[in-house]
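# Analysis of the macromolecular model
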Amino acid sequence: MLPAQLEEKLEAIEKRYEEIQSRLSSQDVIRDREQFAKLSKDLKDIGEVVDLYRRYKKVQKDIKEAQELLKSREFEELAKEEIKRLKREEEQIEKELKILMLPKDERDSRNVILEIRAGVGGEEAALFVADLLNMYQKYAEERGWKFSILSANRTGLGGYKEVIALIEGVGAYSRLKYESGVHRVQRIPRTESGGRIHTSTATVAVLPEVDETELEINPQDLKIETFRASGAGGQYVNTTETAVRVTHIPTGISVACQDERSQFQNKQKALKILYARLKDFYERQKEEEIAKERKMQVGTGERSEKIRTYNFPQGRVTDHRINLTLYKLHDVLEGKLDEIIEALIQHDIDEKLKAQV
């Protein structure tokens, strides 16, 4: 059985659905295009929940009717089998309804700003950043998303101290948001002559892309500087000041872009990254304040936690949050991430359902 509180919410949603249907047949609403479009969208948004809830009520009605047949010797065995089937269906629908009624993350449909930084391990960590970048790029290609580099700080051996990319596509944030955290690699580095296995790390941050209209930022709070773009090793690659650094003075958050030949393009990229970082900064600040009021201890956040290990000698990938181990290292680094991400999504749903009880 569904919890009484949840059933009350579903009854209210069904009532709202019927009210909207009635209003959409009104001539006044039909003539008002804006109102008609809004109500049609509202109807579509709750339609799946209402359809499923009506199926649930139909199954419950069928169970009662089948239970009545138990009184008849002629239909007793048939009724028992039917009740078993209907009970399984009822249980499945209950689960689906609970999932549909979970609070939605409004950011799930957004594009992603992906930031990968080298951690412990020097040049080997920088090379690992390049591997992770390639992994996410291939995953984006598999899902039909657009992948573009916004900013990159390269090293001499082909690695990155830091790289920032934009991933554009439906549901990008909903799937990649679980990737934020510390990723660890265990392997023999190219730079190691003794054949010893080293452990290095890289930090991944996944931020939803932010529309500039979502944040009210005073232009006077932005310090914009230009400088000469340089390549790996600090050598200048041009003699004009096309690189741009934008700093938000109140928070001290700063972003530099130098990959484009145009100063304007570098500025636009820097602002895109800055807005995403600022939105994330303010949201984290708000969460910490709420936690403080509730006397809850808040750590430094998921990005400080080791979430996954890539072990080359054993060809193993382990996600520590859900104790999932796959001996498919090559496939994962080639962008075959769905098995891990699906498991993380299911774990997230299970935890939210537990919290509902």
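Just above, that's the structure.
Residues numbered from 1 in each chain as written. Predicted model: local features only at pLDDT ≥ 70, side-chain atom pairs only at ≥ 80, totals over all residues. Heavy atoms only, no water.

### As for the packing of helix 3 (residues 33-69) against helix 4 (residues 76-100)
To be explicit about the condition: Axis geometry follows a simple rule: fit a line to the C-alpha atoms, using only the stretch in contact for helices, then measure angles between N-to-C directions, giving values from 0 to 180 degrees. A helix here means a DSSP run of H or I that spans at least four residues, while a strand means a run of E at least two residues long, and both kinds are numbered starting from the N terminus. When an angle is under 35 degrees it counts as roughly parallel; over 145 it counts as roughly antiparallel; between 65 and 115 it counts as roughly perpendicular; any other value is oblique. By definition, any crossing whose near helix is turned counterclockwise from its far helix by less than a right angle is left-handed, and any crossing with a clockwise turn is right-handed. Residue polarity follows a fixed list, in which Ala, Val, Leu, Ile, Met, Phe, Trp, Tyr, Cys and Pro are nonpolar, Asp, Glu, Lys and Arg are charged, and the others, Gly among them, are polar.
Running from N to C, helix 3 and helix 4 cross one another at 160°; their axes reach a closest spacing of 9 Å. The pairing of helix 3 with helix 4 is recorded here as roughly antiparallel in orientation. Judged by the sense of rotation from one axis to the other, the crossing of helix 3 with helix 4 is left-handed. Along the lines of polarity and charge, the residues of the contact of helix 3 with helix 4 split into 14 nonpolar, two polar and ten charged.

### Things to note about the sheet that holds strand 11 (residues 324-326)
Put simply, the rule is: When DSSP finds at least two bridges between two strands, those strands are taken to pair. For this analysis, residues touch if any pair of their heavy atoms sits within 4.5 Å.
Across the sheet, which stays open at both edges, the eight strands sit in the order 2-3-1-5-4-9-10-11 with mixed pairing between neighbours. In this open sheet, the two edge strands, each paired with only one partner strand, are strand 2 (146-154) and strand 11. Going from strand to strand, the sheet's axes swing by 15° on average, the running direction of each strand aside. Looking at chain direction, strand 4 (residues 181-187) and strand 9 (residues 306-311) are connected through five bridges and run parallel. Among the inter-strand pairings, H183 is bridged to a residue of strand 9, identified as R308. Contacts from helix 5 (residues 122-142) reach strand 1 (112-118), strand 2, strand 3 (160-168), strand 4, strand 5 (198-208) and strand 9 within the one sheet, and its direction differs from that of strand 4 by about 115°.

### Digging into the nonpolar core
Operational definition: Only buried residues count toward a nonpolar core, which is a set of Ala, Val, Leu, Ile, Met, Phe, Trp, Tyr and Cys residues joined through side-chain atoms within 4.5 Å. Using a 1.4 Å probe on the protein chains alone, a residue whose accessible area is under 20% of its type maximum counts as buried, one over 50% counts as exposed, and one in between counts as partly exposed.
In this structure, L114, I116, L132, Y136, I167 and Y310 are the most contacted members of the largest nonpolar core, which totals 42 residues. Contributions of two or more residues to this core are made by strand 1, helix 5, strand 2, strand 3, helix 6 (172-176), strand 5, helix 8 (329-333) and helix 9 (338-356). Examining the composition of this core, we find that nine residues originate from one element, helix 5, more than from any other. Among residues more than four places away in sequence, those in contact with Y136 are L114, I116, F147, L176, E179, H183, V204 and L337. With 21 residues, the next largest nonpolar core counts I113, L274, Y275 and A276 among its residues.

### Here we look at a nonpolar patch on the surface
Using the following cut-off: Within the patch definition used here, like charges are joined within 9 Å and nonpolar side chains (Val, Leu, Ile, Met, Phe, Trp, Tyr) within 5 Å, considering only residues with over 30% relative accessible area and no salt bridge. Per-residue and other accessible areas follow the Shrake-Rupley method at a 1.4 Å probe size, with only the shown protein chains counted as cover for residues. The working definition used for a salt bridge is a side-chain nitrogen of Lys or Arg within 4 Å of a carboxyl oxygen of Asp or Glu.
Taken together, the side chains of L69, F75 and L78 make up a nonpolar region of the molecular surface, amounting to roughly 280 Å² of accessible area. Following the sequence through the fold, L69 ends up in helix 3. Note on L69: relative accessible area 40%, which makes it partly exposed.

### Description of the pattern of salt bridges
Pairs can form between side chains of opposite charge once their charged atoms are near each other. This structure, assessed with the given rule, holds 39 salt bridges. One salt bridge connects E11 with K57, and the closest N-O pair in it is separated by 3.8 Å. Placement of the pair is E11 in helix 1 (residues 4-24) and K57 in helix 3, with a sequence separation of 46 residues. A relative accessible area of 37% places E11 in the partly exposed class.

### A short note on helix 1
What counts here: The span expected for a helix works out to 1.5 Å for each residue beyond the first. Note: the arc covers the axis-to-C-beta directions of the helix.
If you check helix 1, its first and last C-alpha atoms are 30 Å apart, about what 21 residues at 1.5 Å a residue would give, namely 30 Å. Among all positions in helix 1, only L6, E7, L10, E14, Y17, I20 and L24 are buried. Buried residues of helix 1, viewed axially, fall in a sector of 140°; they line one side. Every exposed residue of helix 1 that faces more than 90 degrees away from the buried side is listed here: A4, Q5, E8 and K15. Tucked inside the fold, the buried residues of helix 1 contact helix 2 (27-31), helix 3 and helix 4.

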